[in-house]
Amino acid sequence: MKSVVEEVYARLDALGIPFDSVEHPPVHTIADCAPVERQLHCMVVKNYFLTTKNRKHFYLCLVRPEARFRTADVSKQAGSSRLSFANEEEMERLLRVHPGAVSPMGLLFDEEKQVELLVDGALRDVPRLGFHPCDNSRSLAMTSQDFFERFLPAVAHAPHWVEIHDFQEVDAP
């Protein structure tokens, strides 16, 4: 039986999407990903797995590392009630990931399309994006074009673009 990482890599290969990958000690914060970014020449994005209070709707939100993430702002743009963080059981059931390894690669396993994808609009302009292949001891990178134009259509998840401000934009007088 293949591991979830092997399944992700095999699916990307089957889709003909080129990617680079590295193995590393488990990372738990976006700061821990700095060496990965340098090695893969990419921006490793922050991933938030969110749900509504009644736990009927789920969202995966991708943002830049320097973005000021506020659930109230994202909830409003998503047209949803106040979002909060989903629990570990929901992550595993819907995306086959655990805390610290949340990734849009998990959308490969969302066959019932229960997860809506929210994406920081500024990520469109980033040349290469980095993600975990559903395991935080590995990372992969692909071009943004391949991610948005090949991967997401292949997994039938269109991005819902949201505006996320940088810390300095919000905190400036």
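Criteria and cut-off values
- Residues numbered from 1 in each chain as written.
- Predicted model: local features only at pLDDT ≥ 70, side-chain atom pairs only at ≥ 80, totals over all residues.
- Heavy atoms only, no water.
- Helix = DSSP H or I, 4+ residues; strand = E, 2+ residues; numbered from the N terminus.
- Buried < 20%, exposed > 50% of the residue type's maximum accessible area, 1.4 Å probe, protein only.
- Polar contact = N/O pair within 3.5 Å; in protein donor to acceptor, adjacent residues only side chain to side chain.
- Contact = heavy atoms within 4.5 Å.
- pLDDT = per-residue confidence, 0-100.
- Core = buried A, V, L, I, M, F, W, Y, C linked by side-chain atoms within 4.5 Å.
- Expected span 1.5 Å × (residues − 1).
- Arc of directions from axis to C-beta.

Novice: Which residues make up the environment of Glu-89, and what values do they have?
Specialist: Positionally, Glu-89 belongs in helix H4 (residues 88-95). Take Glu-89: its relative accessible area is 63%, and that puts it in the exposed class. For the pair Glu-89 and Pro-99, spaced 10 residues apart in sequence, the C-alpha to C-alpha distance is 9.9 Å.

Novice: Give a description of the side chain of Asp-110 that names residues and reports values.
Specialist: Secondary-structure assignment places Asp-110 in the loop between H4 and strand E6 (115-120). From its side chain, Asp-110 meets the backbone nitrogen of Gln-114 in a polar contact 2.9 Å long. If sequence neighbours within four positions are ignored, Asp-110 has contacts with Leu-94, Leu-95, Val-115 and His-157.

Novice: Please give an account of the confidence of the model for the protein that cites residues and values.
Specialist: Overall, the prediction assigns the protein a mean pLDDT of 93, with 96% of residues at 70 or greater. Within the model, the stretch residues 169-173 combines pLDDT values under 50 with three contacts to residues more than four positions away or in other chains.

Novice: Now, about the nonpolar core: what can you tell me, with residues and values included?
Specialist: Within the largest apolar cluster, 37 residues are counted, with the highest numbers of intra-cluster contacts made by Val-8, Phe-49, Met-105, Leu-123, Phe-147 and Phe-151. Put simply, the parts of the chain that give this core at least two residues each are helix H1 (4-15), strand E4 (58-63), H4, E6, strand E7 (128-131), strand E8 (138-143) and helix H5 (144-154). With five residues, H1 is the single largest residue contributor to this core. Residue contacts for Phe-49: discarding those within four places in its chain leaves Phe-58, Tyr-59, Leu-60, Ser-84, Phe-85, Ala-86, Glu-90, Met-91, Leu-94, Leu-95, Val-102 and Val-115. Membership of the second largest hydrophobic core comes to 13 residues, among which are Leu-50, Tyr-59, Ala-67 and Phe-69.

Novice: For H1, give the residues involved together with the corresponding values.
Specialist: Compared with an ideal rise of 1.5 Å per residue, which puts 12 residues at 16 Å, H1 spans 16 Å between its outermost C-alpha atoms and is within 8% of the ideal. Among the residues of H1, Val-4, Val-5, Val-8, Tyr-9 and Leu-12 are the ones counted as buried. Take H1 and look down its axis: the buried residues cluster within an arc of 140 degrees, on one side only. Exposed side chains of H1 directed beyond 90 degrees from the buried face belong to Asp-13 and Ala-14. Contacts made by the buried residues of H1 are with strand E1 (20-23), E8 and H5. In the stretch just after H1, Gly-16 is the one whose phi turns positive, near 70 degrees.

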